[in-house]
Amino acid sequence: SASCSPSISRLSHRSFCVTGVNSPYFQIEHAPWSTEPVFRDTARTEAFPVFRCLDWDGNTVDPNFTLPFSEEELIEMYKNMNMVQSFDETFYRLARAGYISFYMQNNGEEGLQVGSAKAWKPEDVLFFQYRELGTFIQRGFPLQQCADVCFSNDNDFAKGRQMPVHYGSKELNCVTISSTLATQMPQASGAAYALKRSGQKACVVCYFGDGAASEGDAHVAFNFSATTEAPIVWMCRNNGYAISTPTVDQYRGDGIAARAYGYGMYASRFDGNDVFASYLACKRAREICIDEQRPIMMEGMTYRGSHHSTSDDSKTY
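Residues numbered from 1 in each chain as written. Predicted model: local features only at pLDDT ≥ 70, side-chain atom pairs only at ≥ 80, totals over all residues. Heavy atoms only, no water.

Caption draft 1: Structural view of the overall build of the chain. Each helix and strand in the chain was counted, giving nine helices and seven strands. Principal-axis analysis of the C-alpha atoms gives the chain an extent of 80 × 45 × 45 Å. Counting all 317 residues of the chain, 46% fall into the buried class. Expressed as a percentage of contacts within the chain between residues at least 6 apart in sequence, the contacts between residues at least 24 apart total 70%. Element-wise, carbon and sulfur atoms account for 52% of the exposed surface of the chain, whose accessible area totals about 16,700 Å². Positive and negative side-chain charges in the chain, numbering 28 and 36 respectively, have mean positions lying 5 Å apart. (Helix = DSSP H or I, 4+ residues; strand = E, 2+ residues; numbered from the N terminus. Buried < 20%, exposed > 50% of the residue type's maximum accessible area, 1.4 Å probe, protein only. Contact = heavy atoms within 4.5 Å. Areas by Shrake-Rupley, 256 points an atom, 1.4 Å probe, with all protein chains shown as cover. Lys, Arg positive; Asp, Glu negative; His and termini not counted. Charge placed at Lys NZ, Arg CZ, Asp CG, Glu CD.)

Given below as structure tokens:
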């Protein structure tokens, strides 16, 4: 413009970035100059794609699709998914009958839980929210121990000091579940940084829900892992509801995966009701996470087919 000095006018026609080198004030890489104010409606950008292997009728989308593991392993995963449903039905009734104080069902999210768990290795450290029974079972957590935890009996590893469904296992690298929403997220980011410093070829996996992503702890954890370039897979179970609050009332952006842009992370979104997509997406996420030593935001699209917990009545919303 006419008000610009000659040197600035000449520079505006060159293609270069605002960095700490050519500007002592802007610590932003790969940002070009503009001669007009630029506004972008980030709430209406192109939607993040959803990876899937199966259509709604259970048919493979890719005609050349092959099993990523043996049939025996697939049958084991199927049994574990059914085990989750059977355990849910039994302990939901026990809670309603007053034999245990509380229970949270997993109905509708079995594929995401079991499929993702198949992708992790024993040396990986897992943090949980509370709706991940299938992940525990797939990882080898004994079903009897699940029952002991829910009954808070003498065989419970926590000796009744925790609420029901608050599973954990030092042997399986499964950090014990906490009731408070999102508290596991800053802890997970710190554990991932510790893994990075140790030089181990492993990663941290942190499960959380779309509701937990609205907590302040989530931002702290995401940013810490991004700036330290920690090997962590942020595994969001987007089941559509934070208790009774639908996602339409939780955010205006394109879900959780899109938030990765602001933190400088990799991101992927997949069909969480597709056990193959869940496995393949998480397997690749783990590889990238460890090879490049960077955090990855994963968003599994699923649906909570039951009440939030036995303290909730989903028929009212």
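Caption draft 2: Looking closely at the environment of I288. Take I288: it is sitting in helix α9 (residues 275-292). Classification of I288 as buried rests on a relative accessible area of 16%. Each C-alpha atom, one on I288 and one on Y266, is 8.9 Å from the other, the two residues being 22 residues apart in sequence. Residues in contact with I288, not counting those within four places in the same chain, are Y266, Q293 and I296.

Caption draft 3: A look at the pairing of strand β7 (residues 296-301). The element β7 is extensively covered by neighbouring structure, given that five of its six residues are classed as buried. Bridge count for strand β3 (residues 232-238) against β7 is six bridges, and the pairing is parallel. Each residue of the ladder has a partner; that of C236, found in β7, is E299. Sheet analysis places strand β6 (residues 266-271) next to β7, joined by six bridges and oriented parallel. (Pairing = 2+ DSSP bridges.)

Caption draft 4: Structural detail: α9. Its 18 residues place the ends of α9 26 Å apart at the C-alpha level, agreeing with the 26 Å of an ideal helix rising 1.5 Å per residue. Looking only at α9, the buried set comprises V275, F276, A277, S278, Y279, A281, C282, A285, R286, I288, C289 and I290. Of the surrounding secondary structure, the elements contacted by the buried residues of α9 are α2 (71-96), α3 (110-119), β3, β6 and β7. Where α9 starts, the residue carrying a side-chain oxygen 3.0 Å from the main-chain nitrogen of F276 turns out to be D274. (Expected span 1.5 Å × (residues − 1). Polar contact = N/O pair within 3.5 Å; in protein donor to acceptor, adjacent residues only side chain to side chain.)

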